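Coordinate analysis (summary)
Residue-level listing of the chains:
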Amino acid sequence: MIAALSLPRLVFGTGSLSQLTAELLELGVHRPLLISDRGLKRAGIVDKVLAAMPAHTSTFLDVPENPTTGGADAALQYYRTNDADGVVALGGGSVLDSAKFVAALAHLRVEARSLVGKPELIVQLAPLVAIPTTLGTGSESSPVAALHIEIGGTALGTRSHLLVPKVALCDPDLARTLPRRLIAATGIDALSHCIEGFFAEPENSFIDALALDGIARVFDSLHAALASDGDAARTSLMAAAYAGGIAINKGLGPAHAVALACSDQELHHGTLIAVALPAAVSLVTPHLPHKAARLAAALGARDSAEVAIMLRKLTAAVGLPHSLKHAGYHGEVQALTDRLIVSPFNRTSPYVPSAVEYRQMAVELLA
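Heads up: these notes are all about the structure in this document. Remember, predicted model here, so these are calculated numbers, not experimental data.

Some details on the pairing of strand β4 (residues 86–91)
Along β4, 6 of the 6 residues are buried, which leaves the element largely enclosed by surrounding structure. The two faces of β4 match: G86, V88 and L90 on one face and V87, A89 and G91 on the other face are all buried. Bridge analysis of strand β2 (residues 32–35) against β4 gives 4 bridges, and the strand direction is parallel. Pairing of L34 across the sheet is with V88, part of β4. Summarising the sheet, β4 and strand β5 (residues 128–132) pair through 5 bridges and their orientation is parallel. The residue bridging G91 from the neighbouring strand is P132, located in β5.

Right, here's the structure in full:
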């Protein structure tokens, strides 16, 4: 099986927001709907982007922090009421994933919940420009979108090459107001996409090279991006996030199985990933010695065991939790184990942990 790859047109770099109107015109969009959230409105980012958009732009700002099908349906109604002809998504993964659903639903007569997990229903996407304001989601370049059907339920994903945005506009200036905790969490999320995508099979030299570059960028730049003058570091992390979104084309693994299994308690996805990633790497690398050696070499580590140690040190240094309990997650070992055993990410993981291994992982993470 060969990993198919669809890519958006990439407009990247400081000041690239100035190209937004030209990109919309290139797509034939004259009445875009800007989808974002209230936090970015308060931070002044929404107004900054609106100033770079056509006069006939409508806005929808009520995307919940953990995106829901109801939120996507509300945005779709706004799209239709305002006779929009394209979507601009401004935000992190919640906004970008919601906007992907809106763009897909624009050509369908079903509600968002009917599209969850059913990529075969997607016929085409309304023109979609994705503008990330975090440094890790990768949704601007990935073929995946995930929503919660109900608040408090687990997130469910839909995967299709048609969900890749037409344009990814990545301007690091828009991440200047990102809180430190989100820089840390989204940066580790980008790292996880690159690592698990790199290990996923089959091998793809193009994707693997991007993933290794992204991994090195996160290790080199995450600390500096937390500083107030970390413009160059934020640019590097935004490149890593984009690479991670591409790596998702190959698949993900146990770290994302944990994050999905624990997505029912309103915890940030990147925080859950930070907890799970070192343990996931420790589980997978013994079964892929060639790739484990390449990863270690890219990071200047002696072996994969040292890579796991480096991961733990990195997440601790940027203030992220070391356990699910520390993160605020409340759960039982057997319930978590059961969800991990049936995780959809087992289909793309190059090594699927046994029930015993998943149980031991759950014990360690919940300690």
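Section: the nonpolar core
One finds L191, I215 and L324 to be the most contacted residues of the largest nonpolar core, which totals 70 residues. Tallying contributions element by element places helix α11 (residues 269–284) first for this core, with 11 residues. Residues in contact with L324, not counting those within four places in the same chain, are C262, L272, V275, Y329, L336, L365 and L366.

Overview of the side chain of S16
You can see S16 is positioned in the loop between β1 (9–12) and α1 (20–26). Look at S16 and you get buried, because its relative accessible area is 6%. Sequence-distant contacts of S16, that is, excluding residues within four places in its chain, are made with V11, L169, C170 and D171.

Considerations on the pattern of salt bridges
Here the idea is simple: oppositely charged side chains can pair when their charged atoms come close. A complete count under the given rule lists 13 salt bridges for this structure. For D62, the salt bridge is made with R38, and the minimal N-O distance between the two is 3.0 Å. Of this pair, D62 sits in the loop between β3 (58–60) and α4 (69–81) while R38 sits in helix α2 (residues 38–42); the two residues are 24 residues apart in sequence, bridging distant segments of the chain. Looking at R38, the relative accessible area reads 43%, which means it is partly exposed. Of the charged contacts in the structure, one is a salt bridge between R217 and D213, with a shortest N-O distance of 2.7 Å. Separated by 4 residues within a single helix, R217 and D213 lie in helix α8 (residues 205–225), roughly one turn from each other. One connected set of salt bridges, linked through shared partners, spans D173, R176, D231 and R234.

What to know about a nonpolar patch on the surface
Judged by side-chain polarity, L5, L7 and F206 come together as a nonpolar surface patch covering roughly 260 Å² of accessible area. With respect to the helices and strands, the residue F206 is situated in helix α8.

Some details on helix α16 (residues 355–366)
Counted at 1.5 Å a residue, the expected span for α16 with its 12 residues is 16 Å, and the 16 Å between its end C-alpha atoms agrees. Buried within α16 we find Y358, M361, A362, L365 and L366. In an axial view of α16, the angular spread of the buried residues amounts to 115°, which keeps them on one side of the axis. The inward-facing, buried residues of α16 abut α10 (254–261), α11, α14 (324–327) and α15 (333–341).

Rules of the game
Residues numbered from 1 in each chain as written. Predicted model: local features only at pLDDT ≥ 70, side-chain atom pairs only at ≥ 80, totals over all residues. Heavy atoms only, no water. Buried < 20%, exposed > 50% of the residue type's maximum accessible area, 1.4 Å probe, protein only. Helix = DSSP H or I, 4+ residues; strand = E, 2+ residues; numbered from the N terminus. Pairing = 2+ DSSP bridges. Core = buried A, V, L, I, M, F, W, Y, C linked by side-chain atoms within 4.5 Å. Contact = heavy atoms within 4.5 Å. Salt bridge = Lys/Arg side-chain N within 4 Å of Asp/Glu carboxyl O. Patch = residues over 30% accessible without salt bridge, like charges linked within 9 Å, V, L, I, M, F, W, Y side chains within 5 Å. Areas by Shrake-Rupley, 256 points an atom, 1.4 Å probe, with all protein chains shown as cover. Expected span 1.5 Å × (residues − 1). Arc of directions from axis to C-beta.

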